[in-house]
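Geometric and topological summary
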Amino acid sequence: MTDTHTAYTDTDTLIRVLDAAETMPAAARLRARSYQLLRLPPGATVVDVGCGTARAVAELAEHGARAIGVDLDPAMLAAARRRFPDIDVRAADATELPLGDAQAHGYRADKVYHVLPDPHAALAEARRILIPGGRIVLLGQDWDTIVIDSDQPELTRHIVHARADTIPHPRIARAYRNLLLDAGFHDVDIEVHTAIFTDATMQPILVGHATAARQTGAITGDEADNWISEQTRRAQDDRLLVAIPMFLAAATR
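Just so it is clear, the model here is predicted, and its values are computed rather than measured.

Taking 1.5 Å of rise per residue, 14 residues should cover 20 Å, and helix α8 (residues 203–216) covers 20 Å from first to last C-alpha, within 8% of that figure. Among the residues making up α8, those that are buried are Q203, I205, L206, G208, H209, A210, A212 and A213. Positive phi shows up at G217, right after α8, with a value of about 90°.

Below is the structure:
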């Protein structure tokens, strides 16, 4: 469950884009860091909220956890079950998780909170299902500070900000620490990791950015086409650069 979905009309395209990004070594290292911050004992129950195709659920299970993935997208859940037939994934909302009170040792949400209708309610639900001393880890990008190299810097700024404005909570990742403190969590730690892309992996997302900016009226159709053409040339000439700040927050129930 990720806002990237809003840039695509079919889930298959979204899954291909996510696969390309998530298989990069830096993305694997960031996931591994999120697992480390959960501090799960062997056999512990952990829920991955907005699990998508459940790569993290499968990896957590490989580490010996009793991992449960939840998502609202039936196509994502179907893809998860095809890829990982033995994992536990369920259709559920972030504010109505399929666990009883104090049943989970860990809670993880990756690139999810910026699209939730009520992030505060989701955090209250996280507290409900976590045991005392249980760990929560939130991971997500700041949509308003994505860096894209371009010969058209002013237009690029318009595109980045216009795309961010189409997202319910584009800057929520920078607020993770305060959200967790306000929700009653403690021992809150925050890290920022930069995801850097220099190949065509990000091309569909860049097209989605320009398309969204054009649809909102922030830029013209010609501006969108020219900007997309420039980024396409950069990708073809090995001159693309996209940098995305990823905020990683961890806290204790």
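What follows covers the packing of α8 against helix α9 (residues 221–236). Packing of α8 against α9 brings their axes to within 9 Å, and their N-to-C directions diverge by 170°. Regarding the angle of α8 to α9, the classification is roughly antiparallel. Of α9, the residues touching α8 (which contributes Q203, L206, V207, A210 and R214) are G221, A224, D225, W227, I228, Q231, T232 and A235. Class assignment of the residues belonging to the contact of α8 with α9 gives a composition of 7 nonpolar, 4 polar and 2 charged.

Charged atoms that come close allow side chains of opposite charge to pair. Within the structure shown, the criterion is met by 13 salt bridges. Two residues, D101 and R128, come together in a salt bridge whose shortest N-O distance is 2.8 Å. Here D101, found in the loop between β3 (88–91) and β4 (104–110), pairs with R128, found in helix α5 (residues 119–129); they are 27 residues apart in sequence, far enough to count as distant. D101 gets classed as exposed once you look at its relative accessible area, which sits at 56%. R128 gets classed as partly exposed once you look at its relative accessible area, which sits at 27%. Residues joined in a network through salt bridges with shared partners are D48, R108, D110 and K111.

It is generally the case that most residues other than glycine have a negative phi and that most peptide bonds are trans. A positive phi angle, close to 55°, is found at R39, a residue other than glycine. In this fold, R39 is placed in the loop between α2 (25–38) and β1 (45–49).

It should be kept in mind that the predicted coordinates are not to be read in detail where pLDDT is low. Of the residues in the chain, 94% reach a pLDDT of 70 or more, and the chain-wide mean stands at 92. Long-range and interchain partners of residues 1–9, a stretch whose pLDDT sits below 50, account for 33 contacts in this model, where long-range means more than four residues apart.

Here we come to the pairing of strand β8 (residues 242–252). Burial runs high along β8: 11 of the 11 residues are buried. On β8, burial covers both faces: V242, I244, M246, L248, A250 and T252 on one face and A243, P245, F247, A249 and A251 on the other are all buried. For strand β5 (residues 130–141) and β8, the ladder comprises 7 bridges, and the chain directions are antiparallel. Paired with G140 across the bridge in β8 is F247. Two strands pair when backbone bridges link them, and strand β7 (residues 186–197) and β8 are joined in this way by 10 bridges, in the antiparallel orientation. Following the sheet pairing, H186 is matched in β8 by T252.

Rules of the game
Within each chain, residues carry numbers counting from 1 in the order of the written sequence. Residue-level local features of this predicted model are given only where pLDDT is at least 70; pairs of side-chain atoms are given and counted only at 80 or more, and the full residue set underlies all totals for whole chains, interfaces and linings. Only hydrogens and water are removed before side-chain values are computed, so all heavy atoms of the structure are retained for them. Helix and strand labels come from DSSP, where a helix needs a run of H or I of at least four residues and a strand needs a run of E of at least two; each type is numbered from the N terminus. Each helix should span, by expectation, one fewer than its residue count multiplied by 1.5 Å. Exposure is judged per residue with a 1.4 Å probe applied to protein chains only, and the accessible area is read against the type maximum: over 50% gives exposed, under 20% gives buried, and values in between give partly exposed. Working convention: axes come from line fits to C-alpha atoms, limited for helices to the stretch in contact. Angles between N-to-C directions cover 0 to 180 degrees. Here the angle decides the label: under 35 degrees means roughly parallel, over 145 means roughly antiparallel, 65 to 115 means roughly perpendicular, and every other value means oblique. Residue contacts are defined here by distance: any two heavy atoms, one from each residue, within 4.5 Å place the two residues in contact. Asp, Glu, Lys and Arg are counted as charged, while Ala, Val, Leu, Ile, Met, Phe, Trp, Tyr, Cys and Pro are counted as nonpolar; the rest, among them Gly, fall into the polar class. Throughout this description, the term salt bridge denotes a Lys or Arg side-chain nitrogen within 4 Å of a carboxyl oxygen of Asp or Glu. Every residue carries a pLDDT, the predictor's confidence in it, which falls somewhere between 0 and 100. Strands are labelled as partners when DSSP assigns at least two bridges between them.

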